[in-house]
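Observations on the three-dimensional arrangement
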Amino acid sequence: MRIGRVVALAVAAAVGTLGVAGCASAGEMSPDEIVIGLDEDSTGPGASYSTIAGSTVRLTVDLINAAGGINGKPVRLVVENDESSPTKTPSIIRKLVDQGASAVLLATGSGSVIQAKSVLQQSEIPAIAPVVLSDAFANAPDNGYAFMIPNSLKQYAEVYCGAFEKMGYKTLGILGDASASIDGIIKTLRPALEKCADVTAVEKAPVDAADLTAQASRVTGTKPDAILVASIGGHFEILAHNTLAKIYPQAQRFSLASIGNQPKSWALADPGALTGMVYMGSLSENNTRTAAFTEQVRRVKGADYQLTAYDAQAYDAVMMLKSAFEIAGDHTDRNKVRDALQQVSGIPATFGQEGLTLSYSPDDHLAPDSLCGLVLVEFGPDNKPDGPWASYQPPCG
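Cut-offs used in this document
- Residues numbered from 1 in each chain as written.
- Predicted model: local features only at pLDDT ≥ 70, side-chain atom pairs only at ≥ 80, totals over all residues.
- Heavy atoms only, no water.
- Helix = DSSP H or I, 4+ residues; strand = E, 2+ residues; numbered from the N terminus.
- Buried < 20%, exposed > 50% of the residue type's maximum accessible area, 1.4 Å probe, protein only.
- Lys, Arg positive; Asp, Glu negative; His and termini not counted.
- Salt bridge = Lys/Arg side-chain N within 4 Å of Asp/Glu carboxyl O.
- Polar contact = N/O pair within 3.5 Å; in protein donor to acceptor, adjacent residues only side chain to side chain.
- Contact = heavy atoms within 4.5 Å.
- Disulfide = S-S within 2.5 Å.

Mapping Asp 41 onto the fold places it in the loop between strand 1 (34-40) and helix 2 (47-66). Here Asp 41 is buried and forms no salt bridge, its nearest opposite-charge partner Lys 88 lying at an N-O distance of 8.7 Å. A polar contact is formed between the side chain of Asp 41 and the backbone nitrogen of Ala 47, at a distance of 3.4 Å. For Asp 41, the side chain forms a polar contact with the side chain of Ser 84, separated by 2.6 Å. If sequence neighbours within four positions are ignored, Asp 41 has contacts with Gly 46, Ala 47, Ser 50, Thr 51, Asn 81, Asp 82, Glu 83, Ser 84, Ala 107 and Thr 108.

What follows is the structure, given as structure tokens:
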């Protein structure tokens, strides 16, 4: 039987069960079902990656229900949208709490997840951010209920610095978009990168900029050995690489993860504009779990679906929650769920290199147990990722 058919039957059965059991009052958690809240930016600046993660969260919940649920109970997803607006995030979290969520997944922008920390603490509800990179979310203060899945920005900096030192790059220019998320990323990355390279220029432009010639010219005018494009992806990312490829082709270009996870954007690049560009990936062709999950997703999303790190990290976020619910044995006590999350350990990851495992502890709310969650990937002459960058890879272990 096709997996889509299995999922449909399981969901129908779950709905029927809930119809008999009835719904809990606002804010209360039903003993008969496990509710997971999802804050998904589906209309704001983070929608390009949040909707990918959100789609796979839904798929994963369906798969869990098709396999019998968690602790014999069906899982129900409740969804709200904060549009990656930090001012809206607290009210969105409270809405999810009011709908009986035992835990929350934050598929939204970095600024929003940071703003969520205090309300998570006040509401005593654990949350996992499957795609956010900001170390500040998982770190003190107010991080008692805040957990991350990907490697952090400081770990990104370790990998970039390892590459710079290996290749002899001494100077770095940064061209970024002016979104709140990227502003926060640059503020975190720059001090760490300055430990291994002289940052010669930082230029920013609006996300919807139609021309980056002036900003790119100011960056390239400092003659950096390498250039980092920092953006949420999409139009800005492609415009940046098109411009840099024309006016300063001699510099090695690096990027964040966004470009590698947005295959629809690659076709928008000028011929050869992405050739040789290296981005921070989180998927390895040698990870057998990634390959298996890709096939699983394609049965539902289509044979041509291009798996992204957002998919894999969203799946792992739900599975970490599943493990916590199993350990806690009681989803109606959010503090027990939080404490159980801090006991989840050694879970083989669906993203990263083959040896990557994921763990939490009371003192560490960042899931990857090593830099193995990161892979430097190089684009080929066809403007598509061509595999791991041969010049340098993050160390495992």
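What follows covers the state of the cysteines. In the structure shown here, the tally under the stated rule is two disulfides. One disulfide in the model links Cys 161 with Cys 196; its S-S distance is 2.1 Å. Judged by the sign of its S-S torsion, about -75 degrees, the bond between Cys 161 and Cys 196 is left-handed. Within this pair, whereas Cys 161 is found in helix 6 (residues 153-167), its partner Cys 196 is found in the loop between helix 7 (180-193) and strand 7 (198-205), the two being separated by 35 residues in sequence. Note on accessibility: Cys 161 and Cys 196 belong to one class, buried. Here Cys 372 connects covalently by a disulfide to Cys 396, the sulfurs 1.7 Å from one another. You can see Cys 372 sitting in the loop between strand 12 (357-358) and strand 13 (375-379) and its partner Cys 396 sitting in the segment after strand 14 (385-388), a full 24 residues away along the chain. Take Cys 372: its relative accessible area is 2%, and that puts it in the buried class. Taken N- to C-terminal, the disulfide-bonded cysteines of the chain are connected 1-2, 3-4.

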